[in-house]
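The chain contents come next:
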Amino acid sequence: MKSKILITLGIVACLCFGACSLQDPEVPHSEPEQESSSSYTPVSLDYEVQKLPQDTIDTMAADGFRWGGRGAPELAAKWKSDNELLFFLYRIDPFLPSNSMRIFSYQLSTNTLSFLTEIAEYDLTGTYFQQGEYSYLCLNHPSFAKVCRIGNGTAEIMEADSWGGEISPTGELAKLDPEDCSVTIRDFLNREPKSGDPHFYVGDQEEYVSWSPDSRYLAFYQSDNSRYAGDYGVLHLCDDSQYTIYDREGNVVYNGAADGFHWCEEPDFFTLLVSDRGEERWKLVSLAEGGENLLPAYPDGNILLQEPDFALIMAYGTESEPSRIVFVDHRTGEWIPMEEIDLEGSQFETADYNRNTQTAVLAIWKEEESEGIIVASWPVCYQIRLSEKS
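Everything in this summary refers to the structure shown in the same document. Note that the structure is predicted; figures quoted are calculated from it, not measured. (Residues numbered from 1 in each chain as written. Predicted model: local features only at pLDDT ≥ 70, side-chain atom pairs only at ≥ 80, totals over all residues. Heavy atoms only, no water.)

1. What to know about the pattern of salt bridges
- Taken as a whole and judged by the stated rule, the model has 12 salt bridges.
- A salt bridge links glutamate 156 to arginine 149; the shortest N-O distance between them is 2.8 Å.
- By relative accessible area, glutamate 156 is classed as partly exposed at 37%.
- When the shortest N-O distance is used, the salt bridge between aspartate 342 and lysine 366 registers 3.4 Å. One end of the pair, aspartate 342, is in the loop between strand 26 (335-337) and strand 27 (346-354); the other, lysine 366, is in strand 28 (residues 359-370), with 24 residues separating them in the sequence.
- Among the residues examined, aspartate 342 registers a relative accessible area of 39% and is labelled partly exposed. (Salt bridge = Lys/Arg side-chain N within 4 Å of Asp/Glu carboxyl O. Buried < 20%, exposed > 50% of the residue type's maximum accessible area, 1.4 Å probe, protein only. Helix = DSSP H or I, 4+ residues; strand = E, 2+ residues; numbered from the N terminus.)

2. Considerations on the nonpolar core
- Leu312, Ile325, Ile341, Leu362 and Ile384 are the most contacted members of the largest nonpolar core, which has 22 residues in total.
- For this core, the secondary-structure elements that each account for two or more residues are strand 2 (45-51), strand 23 (301-306), strand 24 (310-315), strand 25 (324-329), strand 27, strand 28 and strand 29 (373-388).
- With four residues, strand 29 is the single largest residue contributor to this core.
- When neighbours within four sequence positions are excluded, leucine 312 is seen to be in contact with Asn302, Ile303, Leu304, Leu305, Ile325, Val326, Phe327, Met338, Leu362 and Ile384. (Core = buried A, V, L, I, M, F, W, Y, C linked by side-chain atoms within 4.5 Å. Contact = heavy atoms within 4.5 Å.)

3. Looking at the packing of aromatic side chains
- Scanning all chains against the criterion turns up 20 aromatic pairs.
- Seen in terms of ring centroids, phenylalanine 220 and tyrosine 246 are 5.6 Å apart; in terms of plane orientation they differ by 90°. Their pairing is edge-to-face. On the criterion of sequence distance, the pair formed by phenylalanine 220 in strand 16 (residues 217-222) and tyrosine 246 in strand 18 (residues 235-247) is long-range, its members being 26 residues apart. In this pair, the class of phenylalanine 220 matches that of tyrosine 246, namely buried.
- Each residue in the set Tyr217, Tyr221, Tyr243, Tyr254, Phe261, Trp263 and Phe270 is aromatic and connected to the rest through ring pairs, giving one cluster.
- When the ring centre of tyrosine 134 is taken as reference, the NZ or CZ atom of arginine 149 above it lies at 4.6 Å. (Phe/Tyr/Trp six-rings, centres within 6.5 Å; stacked < 30°, edge-to-face > 60°. Lys NZ or Arg CZ within 6 Å of the ring centre and 35° of its normal.)

4. Focus: the side chain of glutamine 54
- Among the structural elements, glutamine 54 can be located in helix 1 (residues 54-57).
- At 2.7 Å, the side chain of glutamine 54 and the side chain of aspartate 58 are in polar contact.
- Once residues lying within four places of it in the same chain are set aside, the contact partners of glutamine 54 are Trp378, Pro379 and Val380. (Polar contact = N/O pair within 3.5 Å; in protein donor to acceptor, adjacent residues only side chain to side chain.)

5. Quick word on the pairing of strand 24
- Along strand 24, six of the six residues are buried, which leaves the element largely enclosed by surrounding structure.
- A two-sided burial pattern is seen for strand 24, the buried positions comprising Phe310, Leu312 and Met314 on one face and Ala311, Ile313 and Ala315 on the other.
- In this structure, strand 23 lies alongside strand 24, joined through five bridges in antiparallel fashion. Among the inter-strand pairings, leucine 305 is bridged to a residue of strand 24, identified as leucine 312.
- With antiparallel pairing between neighbouring strands as the criterion, strand 23 and strand 24 make up a hairpin whose turn holds three residues. (Pairing = 2+ DSSP bridges.)

6. Brief notes about the pairing of strand 7 (residues 126-131)
- Where strand 7 and strand 8 (residues 134-140) come together, six bridges link them in antiparallel fashion. Bridging from a neighbouring strand, glutamine 131 pairs with tyrosine 134 of strand 8.
- Taking the residues between adjacent antiparallel strands as the criterion, strand 7 and strand 8 are bridged by two residues, where glycine 132 takes a positive phi near 65°.

7. As for the environment of tyrosine 382
- One can find tyrosine 382 in strand 29.
- Exposure remark for tyrosine 382: the relative accessible area of 6% places this residue in the buried category.
- Separated by 331 residues in sequence, tyrosine 382 and lysine 51 have C-alpha atoms that sit 4.3 Å apart.
- Those residues within four positions of tyrosine 382 in sequence are excluded, and the remaining contacts are Val49, Gln50, Lys51, Glu340, Ile341, Asp342, Ala360, Val361, Leu362 and Ile364.

8. Re unusual backbone geometry
- Look at serine 215: it is not a glycine, yet its phi comes out positive at around 65°.
- Position of serine 215 among the secondary structure elements: in the loop between strand 15 (207-211) and strand 16.
- Its identity is not glycine, yet aspartate 268 carries a phi of approximately 75°, on the positive side.
- Mapped onto the secondary structure, aspartate 268 falls in the loop between strand 19 (252-263) and strand 20 (269-276).

Below, the structure is given as C-alpha cells:
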C-alpha cells in the first residue's frame, strides 16, 4: 500500500547481500584487502547523531495525514541547500480517492518548518532535480504530467507535456531511441532541439540504469534479470550483468561485469557487487584515477548510503534484536551500531547525503499498534554529521 517516489522520490533502501551476519557488531573487522590496482585510500571518520526537534517535525502530520489501520504515509527527505531540507510526505491507497502529497521546507539553522504545497490526486512516481535557485519535482504519466517548481519558501505547480526518457539530477533529459539505440540529451525545461545537443549510440541490447549524481555520466547495463533496489534508481541489482558507463559525449569510460551497481555522491566514484572467493563483496571504482579496491564485508541488511570512506547499513533484525543502523568504516572495516537511532516499532523511510557538509539525513516513521491496528504514528528525523578522525 506504500508507494515510491523517484526524486528520483521513490523510497527506500537498497537490498544487498552481505558476506557476514551481524553477530557481534562492536568487534572491529580486520583491515580490508586492497586490490593491486587500488589508488584510493579510505579515510576513517567520526560521526555525531542529532535528532531534529520532535515538536517541529510532528507538525507535518499533526492533522492525521494517514489512513487508519492501513499504515503511515511515506516520507522522503532531500537536501535543497546546505541549510535547507525538503520533506515530501505522501499517501497513496487504491481504496481511497484522496491520494495526495505534501511538500515542506525545513531550515536547520532556525528550526523552522514551512508548508509549501499539497499536490492532490497524486498517484505518480516523481523525479527530483535542482537547477539554479530552484528545485523541481517532475510527475510523469503517459496521458498527463506536472512539474512542481520549488523556490525560496514557494512552490508552483505547472502543467507539462508528458515525456519519455530519464531526467538527470541537474535537469537534463536523456532519451534512448529503441529503433537505432541512440541517446539524445536535452534540457528538460526547454525540450526544443538545439544544435550541439549531445547525441551518441549505445549497444543494441543495453538498457538505461541511471545518471550519476553530478550528471556527468550515464550508466547502462545488459542482462536478462534486473531490478532496482534503492532510492531514485541509484542502486541497481542485476545478476550476471555487463555495466557500461558513458560520458555525455558517448565515450565509454568503464565497462565491466557485476551483479550490482551503485553511484556514490562523491564525484567519479561508484561501486560494483562482485564475487570474491565465493562471497559477494562491493568493489569501489574511481573513474578519475582508474583504480579499484575491494570494500570490507557488510552486515546483512539494506544499503542506505555508500561512499568511498563509509557506508550506512540498516542491518536486519533478529528474534532477540530489532533492526539497527550500522556505520561501516571502509578504512578499518569496523561495524559500529548507531545506538542513538532507535528503529524499534518503526519503518525506515529515507536517507540522503550532502557531500558539501558531510551530513546525512535519515527519516523513519514510528508507529504504535493496538491489537494489530495502528493507533498512532509520527515521523522522526536524524542528522548524521561526519568528520575526519584527528
